[in-house]
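Examining the three-dimensional arrangement
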Amino acid sequence: MSELEKILYNLGYGISDPQKNQEIQGYIDEAVEYMQSKGIDESKINTHTGYTIKNLWAKYRDQGEDEAILKKEGMIVHLILDLRRR
């Protein structure tokens, strides 16, 4: 199962809707770009923690909770800091 399929499943979607697939893939790409802009190495982006960040990012964006993505006390910020320390 691909990363996209896993995230779609976690969000409660199937893989049969190409428009939703493209939308969620866009959110995943945003998360990867953000992690890269923060100096996260490609090898770390593809870890379990990196997957968790992408999953949370897609969840927040899909639910329209954009402000929750980069809240100072938010989970994504803490996970990115953890990746940077490794």
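This text goes with the structure placed above it.
Notes on the structure in this doc start here.

Analysis parameters
- Residues numbered from 1 in each chain as written.
- Predicted model: local features only at pLDDT ≥ 70, side-chain atom pairs only at ≥ 80, totals over all residues.
- Heavy atoms only, no water.
- Helix = DSSP H or I, 4+ residues; strand = E, 2+ residues; numbered from the N terminus.
- Rg over C-alpha atoms; globule rule 2.2 N^0.38 Å.
- Contact = heavy atoms within 4.5 Å.
- Lys, Arg positive; Asp, Glu negative; His and termini not counted.
- Charge placed at Lys NZ, Arg CZ, Asp CG, Glu CD.
- Buried < 20%, exposed > 50% of the residue type's maximum accessible area, 1.4 Å probe, protein only.
- Expected span 1.5 Å × (residues − 1).
- Axes fitted to C-alpha atoms, helices over the stretch in contact; angles between N-to-C directions.
- Parallel < 35°, antiparallel > 145°, perpendicular 65-115°, else oblique.
- Left-handed = near helix turned anticlockwise from the far one by under 90°.
- Arc of directions from axis to C-beta.
- Polar contact = N/O pair within 3.5 Å; in protein donor to acceptor, adjacent residues only side chain to side chain.

Here we look at the overall build of the protein chain
Regarding its fold elements, the protein chain presents six helices and zero strands. When the helices and strands of the protein chain are listed from N to C terminus, the series reads α-α-α-α-α-α. A globule of 86 residues ought to have a C-alpha radius of gyration of about 12 Å, and the protein chain, at 13 Å, matches this closely. With the C-alpha coordinates aligned to their principal axes, the bounding extent of the protein chain is approximately 40 × 25 × 20 Å. Intrachain contacts of the protein chain at a sequence separation of at least 6 include 51% that bridge at least 24 residues. Positive and negative charge centroids in the protein chain, built from 12 and 15 side chains respectively, lie 8 Å apart.

Observations concerning the side chain of N55
Checked against the element boundaries, N55 lands in helix α4 (residues 48-62). Looking at N55, the relative accessible area reads 18%, which means it is buried. Every residue in contact with N55, bar those within four places of it in the chain, is listed here: I7 and N10.

Concerning α4
For α4, built from 15 residues, the straight-helix expectation of 21 Å at 1.5 Å per residue is met to within 8% by its first-to-last C-alpha distance of 21 Å. By the burial criterion, the buried members of α4 are T49, G50, Y51, I53, K54, N55, L56, W57, A58 and Y60.

Points about the packing of α4 against helix α6 (residues 75-85)
The interhelical angle for the contact between α4 and α6, taken along N-to-C directions, is 160 degrees, at an axis separation of 10 Å. Comparing their axes, α6 and α4 come out roughly antiparallel. Helix-helix and strand crossings are classified by hand; for α4 and α6 the assignment is left-handed. Contacts between α4 and α6 involve T49, G50, T52, I53, L56, W57 and Y60 from the first element and M75, I76, L79, I80 and L83 from the second.

A short note on helix α2 (residues 18-37)
For the α-helix, the turn length of 3.6 residues means that residues three or four positions removed from each other point alike. The terminal C-alpha atoms of α2, which comprises 20 residues, lie 28 Å apart, in line with the 28 Å expected from a rise of 1.5 Å per residue. Taken together, the buried positions of α2 are occupied by K20, N21, I24, Y27, I28, A31, V32 and M35. Seen along its axis, α2 keeps its buried residues to an arc of 140 degrees; they face one direction. Opposite its buried face, α2 presents the exposed residues P18, Q19, Q22, E33 and S37, each directed more than 90 degrees away. Lining the buried residues of α2 we find α1 (3-10), α3 (42-45), α4 and α6. Where α2 begins, the side chain of D17 points an oxygen toward the backbone nitrogen of Q19, at a separation of 3.1 Å. Phi turns positive, to about 85 degrees, at G39, one or two residues after α2.

Here's the deal with the environment of G14
Summarising the element assignment, G14 is placed in the loop between α1 and α2. The class of G14 is partly exposed, set by a relative accessible area of 41%. In contact with G14, not counting residues within four places along its chain, are L8 and N21.

Keep in mind that these numbers describe shape and distance, not what the molecule does.
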